[in-house]
Amino acid sequence: MKIAASERLKKLTTGIFTELANKKRDAINKGIDIIDLSVGSPDMTPSAYVVDALVEHSKDLTKYGYTLKGIDEFNEAVAHFYKKRYEVELNPHDEVLQLMGSQDGLSHLATAIVNPGEYVLVPDPGYPIYEASVTLAGGNVYPMPLLEENGYLPKLDEIPLEILQKTKMMIISYPGNPVTALANVSFFEEVVTFARKNNILVVHDFAYSELIFDSHPQISFMSVPGAKEVGIEFNSLSKTFNMAGCRIGYVVGNPETLSILAALKSHIDYGIFYPIQMAAVTALTSDYSVLDEQVIEYETRRDVLISGLAQAGWQVAKSPATMFVWAKIPSGWTSREFAFTLIEEAGVAVVPGDAFGKLGEGYVRMALVQSSEKLAEAAKRIEQFLRKNNQKPK
Ligand SMILES: Cc1ncc(COP(=O)(O)O)c(C=O)c1O
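Each chain carries its own residue numbering, running from 1 in the direction its sequence is written. Selection of residues for local features in this predicted model requires a pLDDT of at least 70, selection of side-chain atom pairs for listing and counting requires 80 or more, and totals for whole chains, interfaces and linings are taken over all residues. To obtain the side-chain values, all non-hydrogen atoms of the structure were included, while hydrogens and water were left out.

1. Notes on the overall build of the chain
Our working definition: A helix here means a DSSP run of H or I that spans at least four residues, while a strand means a run of E at least two residues long, and both kinds are numbered starting from the N terminus. Within these notes, the globule rule equals 2.2 Å times the number of residues to the 0.38 power, and the radius of gyration is based on C-alpha atoms. Note on definitions: a residue-residue contact is assigned when non-hydrogen atoms from the two residues lie within 4.5 Å. When charges are counted, Lys and Arg are positive and Asp and Glu negative, with His and the chain ends excluded. Note on charges: their place is set at NZ of Lys, CZ of Arg, CG of Asp or CD of Glu.
For the chain, the helix and strand inventory stands at 14 helices and twelve strands. Against the 2.2 N^0.38 benchmark of 21 Å for 394 residues, the chain shows a C-alpha radius of gyration of 21 Å, consistent with a compact globule. Counting only C-alpha atoms, the chain reaches 60 × 60 × 55 Å along its principal axes. Once local pairs closer than 6 in sequence are excluded, the contacts in the chain between residues at least 24 apart make up 76%. For the chain, the separation between the mean place of its 37 positive charges and that of its 48 negative charges on side chains is 6 Å.

Structure representation (structure tokens):
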């Protein structure tokens, strides 16, 4: 018997990530020592008091059943966090929905909201699940170009009217992955006006809300007047509290949208392990000093990498936020050639930019998930690589 994947699944482009994983494995098999800057999984650890909460609650043998949904304490902790960090008031009863990581919500939302043939506006370059989730739902993607000359903000007035008439939702992310740019309040206000006018649900992915550098303001889309009427915001404990493996996140905002997503989830999952929920409550209601320390660590790493690359003659823009550097590559290479040759010849793994959309061509993404020492070494290896290949970066 031959089993085939569905046509929708076949449409998903996982090719580059598979190729990257193969190249890394081949290099490791050849004995090459790899500095891996390709995976966006934090190398830092959660606070001891968060781990203690997880351990303590795990000892309670009455807590091993299905939780079915987020406990009240979790929703209240998210509301508390949003108030303290972003000055946003949330009703914990209907404006917070727990997720198995924000990926859970991002991957299922289109299935809950979009009908076959309807459009979703998606950033290009953008985090791959945005497009994949729409494809799986049978919807159509309309890519919104994020160009450096526009501050990586989409030009909403350039989207054709015939597309807007068939558009159900739009996805934006500031700061995002791989593009680390920030938006200002006036852009978010423009988005609210645009969404109201065209009857489009706004989805803001704020997964890197606590990795914002150089004292830039942390602007939640929810803080803009009218945002809750037109939109929702995904957030997560993965990067903020280094709990990526715990798979716990949430979405806040428009109550009708949250209840639609909750209805779909009620068919799909049975909730998150209670001790993980309580560990998340502990993290969300802590004193947040760890967040400031973490920002300093990532800023230092970013500066070490960027200045090391500058010494190598490669001028790369400083990320204002996130755990990534989005680097325009030297001319004469495609993103894939550059990334794959870098693994083989320098033992440094980065992601080719076209993994994130057509407009990612000409870039690579480097994750700041290694110590400053390792990042300095990676920059040295890149310097030798560029010299050997006689490349003069732009
Ligand atoms: C932009 C962005 N959104 C969402 C996620 C998903 O994170 P999680 O499901 O761990 O909350 C990631 C993970 O890397 C991401 O980069």
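Having seen the model, we can carry on.
2. Description of the packing of aromatic side chains
Under the convention used in this document: Stacked, tilted and edge-to-face pairs are distinguished by plane angle, under 30 degrees for stacked and over 60 for edge-to-face with tilted covering the rest, among Phe, Tyr and Trp rings (Trp via its six-membered ring) whose centres lie within 6.5 Å. Classification of residues uses two cut-offs on accessible area relative to the type maximum, computed with a 1.4 Å probe and protein chains only: under 20% is buried, over 50% is exposed, and between them is partly exposed. In this analysis the charged atom, NZ for Lys or CZ for Arg, is taken to sit over a ring once it is within 6 Å of the ring centre and within 35 degrees of the ring normal.
Here the structure, examined in full by the defined rule, presents 21 aromatic pairs. Relative to Tyr-86, the ring of Phe-81 lies with its centre 5.8 Å away and its plane at 85 degrees, an arrangement referred to as edge-to-face. What makes Phe-81 buried here is its relative accessible area of 1%. A relative accessible area of 5% places Tyr-86 in the buried class. Measuring from ring centre to ring centre gives 6.1 Å for Phe-187 and Phe-188, while their planes differ by 45 degrees; the resulting arrangement is tilted. Neither Phe-187 nor Phe-188 differs from the other in exposure class; each is buried. Here the aromatic residues Phe-74, Phe-81, Tyr-82, Tyr-86, Phe-206, Phe-241, Tyr-250 and Tyr-288 are joined through ring pairs into a cluster of three or more. Its guanidinium or amino end placed over the ring of Tyr-274, Lys-63 lies 4.4 Å from that ring's centre, counting from NZ or CZ. Over the ring of Tyr-298 we find Arg-301; its NZ or CZ atom is 5.6 Å from the centre of that ring.

3. Side note on the site of the ligand
Applied cut-off: We define proximity as follows: a residue is near a molecule or strand when any one of its heavy atoms falls within 4 Å of that partner. Side-chain atoms alone can form a polar contact between residues adjacent in sequence; in general such a contact is a pair of N or O atoms within 3.5 Å, and within protein one must be able to donate a hydrogen while the other accepts it. Note on areas: these come from Shrake-Rupley sampling with a 1.4 Å probe, and a residue is covered only by the protein chains present in the view. Residues are sorted three ways: Asp, Glu, Lys and Arg are charged, Ala, Val, Leu, Ile, Met, Phe, Trp, Tyr, Cys and Pro are nonpolar, and all the rest, Gly among them, are polar.
Surveying the vicinity of the ligand reveals 14 residues, the closest of which are Asp-205, Tyr-208, Ser-236, Ser-238 and Arg-247. Interatomic distance of 2.8 Å between a side-chain N/O atom of Asn-177 and an oxygen atom of the ligand. Ser-238 places a polar side-chain atom, nitrogen or oxygen, 2.6 Å from an oxygen atom of the ligand. For the ligand, whose accessible area on its own is 400 Å², the fraction buried by protein is 93%. The class makeup of the residues in the shell around the ligand is five nonpolar, six polar and three charged.

4. Topic: the pairing of strand β7 (residues 231-236)
As a reminder, the rule being used: In this scheme, strands are said to pair when DSSP sees at least two bridges between them.
Of all the six residues making up β7, six are buried; the element is thus mostly covered by neighbouring parts of the structure. Summarising the sheet, strand β6 (residues 201-205) and β7 pair through four bridges and their orientation is parallel. For Asp-205, the partnering residue across the bridge sits in β7 and is Phe-234. Across five bridges, the pairing between β7 and strand β8 (residues 249-253) is antiparallel.

5. With respect to unusual backbone geometry
Here the amide bond leading from Tyr-174 into Pro-175 is cis, since omega sits at 0 degrees, within 30 degrees of zero. Asn-177 connects to Pro-178 through a cis peptide bond whose omega is 10 degrees. Here Pro-178 shows up in the loop between β5 (167-172) and α8 (185-198).

6. A few points about helix α14 (residues 372-388)
Selection criterion: In this scheme, a helix's expected span is set at 1.5 Å multiplied by one less than its residue total.
Taking 1.5 Å per residue, 17 residues should reach 24 Å; α14 reaches 24 Å between its end C-alpha atoms and fits that length. Every buried residue of α14 is listed here: Ser-372, Leu-375, Ala-378, Ala-379, Arg-381, Ile-382, Phe-385 and Leu-386. Residues of α14 that are buried make contact with β1 (35-36), α12 (289-311), α13 (335-346) and β10 (348-349).

7. Describing the sheet that holds strand β9 (residues 324-328)
Across the sheet, three strands lie side by side as β9-β12-β11; this open sheet has antiparallel pairing. In this open sheet, the two edge strands, each paired with only one partner strand, are β9 and β11 (351-352). In terms of strand pairing, β11 meets strand β12 (residues 363-367) through two bridges, oriented antiparallel. Paired with Val-351 across the strands is Arg-365, a residue of β12.

8. Some words on the domain arrangement of the chain
How we decide: Domains are outlined according to an automatic or database domain assignment. By definition, the buried area sums, over both parts, the 1.4 Å-probe accessible area that each loses when the two are put together. Between Lys or Arg on one side and Asp or Glu on the other, a salt bridge is scored when a side-chain nitrogen of the former is within 4 Å of a carboxyl oxygen of the latter.
Partitioning the chain into structural domains gives domain 1 (7-45 + 289-388) and domain 2 (64-284). The straight-line distance from the C-alpha centre of domain 1 to that of domain 2 is 26 Å. Taken together, the contact pairs 32 residues of domain 1 with 38 residues of domain 2. Summing both partners gives a buried area of about 2,900 Å² for domain 1 against domain 2, and 63% of it is carried by carbon and sulfur. Area buried by domain 1 at its contact with domain 2 is led by Leu-291, Pro-320 and Thr-322, which between them contribute 21% of it. Our count for the contact surface shared by domain 1 and domain 2 stands at two salt bridges. Salt-bridge contacts for Lys-328 lead to Glu-148; the nearest nitrogen and oxygen are separated by 3.1 Å.

9. Some points on the pattern of salt bridges
This model, assessed by the stated rule, comprises 23 salt bridges. For the salt bridge of Arg-336 with Glu-19, the shortest nitrogen-to-oxygen distance reads 3.6 Å. With a gap of 317 residues between them, Arg-336 in helix α13 and Glu-19 in helix α2 (residues 15-29) connect regions that are remote in the sequence. Overall, Glu-19 belongs to the partly exposed group, its relative accessible area being 31%. Of the charged contacts, one joins Lys-228 and Glu-95 as a salt bridge, the two residues approaching to 2.9 Å between their closest N and O atoms. Of this pair, Lys-228 sits in helix α9 (residues 227-230) while Glu-95 is found in the loop between α4 (72-86) and β2 (96-99), placing the two residues 133 residues apart along the sequence.

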